[in-house]
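Listed below are the residues making up each chain.
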Amino acid sequence: MSFTMAHPQKHPKTGMYWARKVVPAHLRPIVGKRELKLTLQTKCPREARKRFPQVLHQFEAMLKAAEHALHLGADDLQSFATEYYQARLKQLLDEARRNHWSLDDHEAMQYSLSLVPDKGRDEDEQHQSVVDWGLPRAKALMESAGLTQGNRFTIPQPFMEALAQTLYRMEHKALQAAEREQHYPHLPPPEDTPKAAPVRPLEARSFDALWDSYSKANVHLSPKTLEDWGRMWSHFGQWAGETHAPDQITPQTLLRYAEAVRNGAGLSGRSLSAKRVNEGYLAAISTVFRWASRPERGLLQTNPAEAVKLPVPRSEQGPRRRGYTREEAGTILKAARGETERAYVRRTPWLLAFTGARVSEILNARVADIGETQGIPFLWIRETEDTRLKNTWSNRCVPLHPALVDEGFLEYVASLPKDDFLFPGDWEDKHGDRTKTPANRLRDWLNKALPTMKGQGLAPNHSFRHWLIGELREAGVDGDIQRQLTGHKSGADVHSRYGPADIPRLHRAIIKVKTPV
């Protein structure tokens, strides 16, 4: 299960660009190689980027076919058998009617087929004779279904042999049905007439295929979220996949898995609290199952993870998260004034306190996000190609509280390049997230600034958000305006996004909050 972005690669000797994609380990016995690669027939990087997506799409189609081939089962056997029977019956009827077959002709065909096993001297050889008869037909079916990719894939031999035997039986049934329909059309078909099995999507049979479809449909999620959830989903698939497919998972299976992870069978190998299992493993697994079970997708009939959670004992619950008191907020903001070297430590606590923003929203903000309308400065929190917000309601404009202006924030902004971040720094991690490092450092600083924080239900960076909501409520600010300022979901659809036009009204609300310093 890969999480890295593919791109054209230049050959070190020839300078020609190639498309390459690693074959997942579990598919290598099917594909017969560790890597798919194809020359893009160009040394021009721009042309290579243009040609690359089409080749990558071919690779992904091949791997999906290989995944299907790996998970061939009883439903596929029935489906292929029915497909063969129906096509063969039509072919036989057309030939019989065109050539006016008599009953003797039909019986001669059936007798000739019955002689196939007689080529063997014992039971094993008779079985092999039937398999030898059916294998060419089975391979033709695989090829027409796109599962062999021009003989590049190796279908598991037990499935091919089972299909070969089944097609032999289907040939018998087709010969009998052709005779009946030509000479005895008034007779009803027998009860054992082959019928196609309900189609099970590949995603219902393969954990890897289901994750692949989910991740491609949810590219808006952060790379880190996709990587973390993908690792947990893969771990669950390995745990359950030996005996269950995704559409065979039950709530009881999930509970057994959750208990196993809690007792040390997770990725870390350490025992975890029920709360961490619920908010980590079960949250990720439930999200994928919920997505797959939506009626418009038709991948799974039910969501087995719905309402599945481990009970959290009181000893693990800890204190309820709360906002800072006015005294605690004042202590931190005074301490921030004393910071002279790190701008994000000096400014971010004040911005968190008087905008209600999430710490990532502040650390991702740019100079261009500070605007002014009707003489009121504001911070525009918005999603861009480079930054993602938690949800659609997080897009908003927040007027700057007079306390921020008094602290010299606008002068600080004016000193920065116009195209830079509010808090420049080379902090980007491997996932492209530039907020995690400074947010963690700020958390550590806040813990030192307020030593009594531990065990008090405070989340260093996030508790400012709770503090502002409490202050707005105390000042009698309307609940809908509170939600506008903090980017929470509003009850009215018209408030799903807020722009500069709302600033004067929001400013009249925010100035009701008194500074704790």
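Going by the structure above, here's the rest.
These figures come from a predicted structure and were not determined experimentally.

Chemist: I would appreciate a short explanation of the overall build of the protein chain in the present structure.
Modeler: Across its full length, the protein chain holds 21 helices and six strands. Its C-alpha atoms give the protein chain a radius of gyration of 33 Å, clearly above 24 Å, the size a compact globule of 517 residues would have. Each principal axis of the C-alpha atoms in the protein chain carries an extent, and together these give about 105 × 60 × 45 Å. Among the 517 residues that make up the protein chain, the fraction classed as buried is 45%.

Chemist: I tried to follow the packing of aromatic side chains on my own but got confused; where do I start?
Modeler: On inspection of all chains with the given rule, the structure shows 20 aromatic pairs. Their ring planes at 80 degrees and their centres at 6.4 Å tell us that Phe 236 and Phe 289 sit as a pair that is edge-to-face. Of the two residues, Phe 236 sits in helix H9 (residues 223–240) while Phe 289 sits in helix H11 (residues 274–292), which places them 53 residues apart along the sequence. The exposure class assigned to Phe 236 is buried, which follows from its relative accessible area of 0%. Among the aromatic side chains, those forming a connected cluster through ring pairs are Phe 207, Trp 233, Phe 236, Trp 239, Tyr 257, Tyr 281 and Phe 289. Directly above the aromatic system of Phe 421 lies the positively charged group of Arg 366, at a separation of 4.0 Å from the ring centroid.

Chemist: Where do I start with empty space enclosed by the protein in this structure?
Modeler: Any empty space left between atoms is shown by rolling a water-sized probe over those atoms. Under the definition given, this model contains one cavity of 30 Å³ or more. Here the largest cavity is characterised by a volume of approximately 40 Å³. Examining the composition of the lining of the largest cavity, we find that three residues originate from one element, helix H14 (residues 343–355), more than from any other. When its residues are assigned to classes, the lining of the largest cavity shows three nonpolar, no polar and three charged.

Chemist: How do you make sense of the pairing of strand E2 (residues 17–22) when you look at a structure like this?
Modeler: As judged from the two bridges shared by strand E1 (residues 9–10) and E2, these two strands associate in the antiparallel manner. Of the residues in E2, the one forming a bridge with Gln 9 is Trp 18. Connecting the antiparallel pair E1 and E2 is a turn made up of six residues, with Gly 15 showing a positive phi of about 80 degrees. Pairing of E2 with strand E3 (residues 35–39), which is carried by five bridges, proceeds in the antiparallel orientation. When the bridges of E3 are listed, Trp 18 appears paired with Thr 39.

Chemist: Explain the nonpolar core to me, please; I cannot follow it from the model alone.
Modeler: For soluble globular proteins, nonpolar side chains are generally found buried alongside one another. Tyr 324, Phe 354, Phe 423 and Phe 464 are the most contacted members of the largest nonpolar core, which has 52 residues in total. In terms of residue count, H14 provides more of this core than any other element does, seven residues in total. The residues contacting Tyr 324, other than those within four sequence positions of it, are Ala 329, Ile 332, Leu 446, Leu 450, Met 453, Leu 458, Ala 459, Pro 460, Ser 463, Phe 464 and Trp 467. Among the nonpolar cores identified, the runner-up in size contains 32 residues, and Leu 226, Trp 233, Ala 258 and Val 277 belong to it.

Chemist: I keep staring at the layout of surface pockets and nothing clicks. Help me out?
Modeler: The space that makes up the largest pocket amounts to roughly 1800 Å³. Lining the largest pocket are 40 residues, and of these Ser 222, Thr 225, Ser 360, Asp 433 and Thr 435 sit closest to its centre. Looking at the lining of the largest pocket, the elements that each hand over two or more residues are H9, helix H15 (359–363) and helix H18 (436–449). Residues belonging to the lining of the largest pocket are distributed by class as follows: seven nonpolar, 16 polar and 17 charged.

Chemist: Where do I start with the packing of helix H13 (residues 326–337) against H18 in this structure?
Modeler: Direction vectors running N to C along H13 and H18 enclose 115 degrees, while the axes themselves pass 10 Å from each other. The orientation of H13 with respect to H18, classified from their angle, is roughly perpendicular. Two packed elements cross with a definite hand, and for H13 against H18 that hand is right-handed. For the pair H13 and H18, the contacting residues are Thr 331, Ile 332, Ala 335 and Ala 336 in the first and Trp 445, Leu 446 and Ala 449 in the second. Classifying every residue of the contact of H13 with H18 gives six nonpolar, one polar and no charged.

Chemist: Looking at this structure, I do not really get the environment of Thr 515. What am I missing?
Modeler: In this structure, Thr 515 sits in the segment after helix H21 (503–510). Judged by its relative accessible area of 32%, Thr 515 falls in the partly exposed class. Once the C-alpha coordinates of Thr 515 and Leu 404 are considered, the two residues, 111 residues apart in sequence, prove to be 9.8 Å apart. Beyond its immediate chain neighbours, meaning those up to four positions away, Thr 515 contacts Arg 326, Trp 350, Phe 354 and Ala 403. Looking at Thr 515, its side chain comes within polar contact range of the main-chain nitrogen of Val 517, at 3.3 Å.

Thresholds, definitions, all that
- Residues numbered from 1 in each chain as written.
- Predicted model: local features only at pLDDT ≥ 70, side-chain atom pairs only at ≥ 80, totals over all residues.
- Heavy atoms only, no water.
- Helix = DSSP H or I, 4+ residues; strand = E, 2+ residues; numbered from the N terminus.
- Rg over C-alpha atoms; globule rule 2.2 N^0.38 Å.
- Buried < 20%, exposed > 50% of the residue type's maximum accessible area, 1.4 Å probe, protein only.
- Phe/Tyr/Trp six-rings, centres within 6.5 Å; stacked < 30°, edge-to-face > 60°.
- Lys NZ or Arg CZ within 6 Å of the ring centre and 35° of its normal.
- 1 Å grid on protein atoms, 1.4 Å probe; cavity = no way out; pocket = protein on both sides within 12 Å on 5 of 7 lines; lining within 4 Å.
- Points joined across faces, edges and corners; volume = space filled by probe spheres on them.
- Nonpolar A, V, L, I, M, F, W, Y, C, P; charged D, E, K, R; others polar.
- Pairing = 2+ DSSP bridges.
- Core = buried A, V, L, I, M, F, W, Y, C linked by side-chain atoms within 4.5 Å.
- Contact = heavy atoms within 4.5 Å.
- Axes fitted to C-alpha atoms, helices over the stretch in contact; angles between N-to-C directions.
- Parallel < 35°, antiparallel > 145°, perpendicular 65-115°, else oblique.
- Left-handed = near helix turned anticlockwise from the far one by under 90°.
- Polar contact = N/O pair within 3.5 Å; in protein donor to acceptor, adjacent residues only side chain to side chain.

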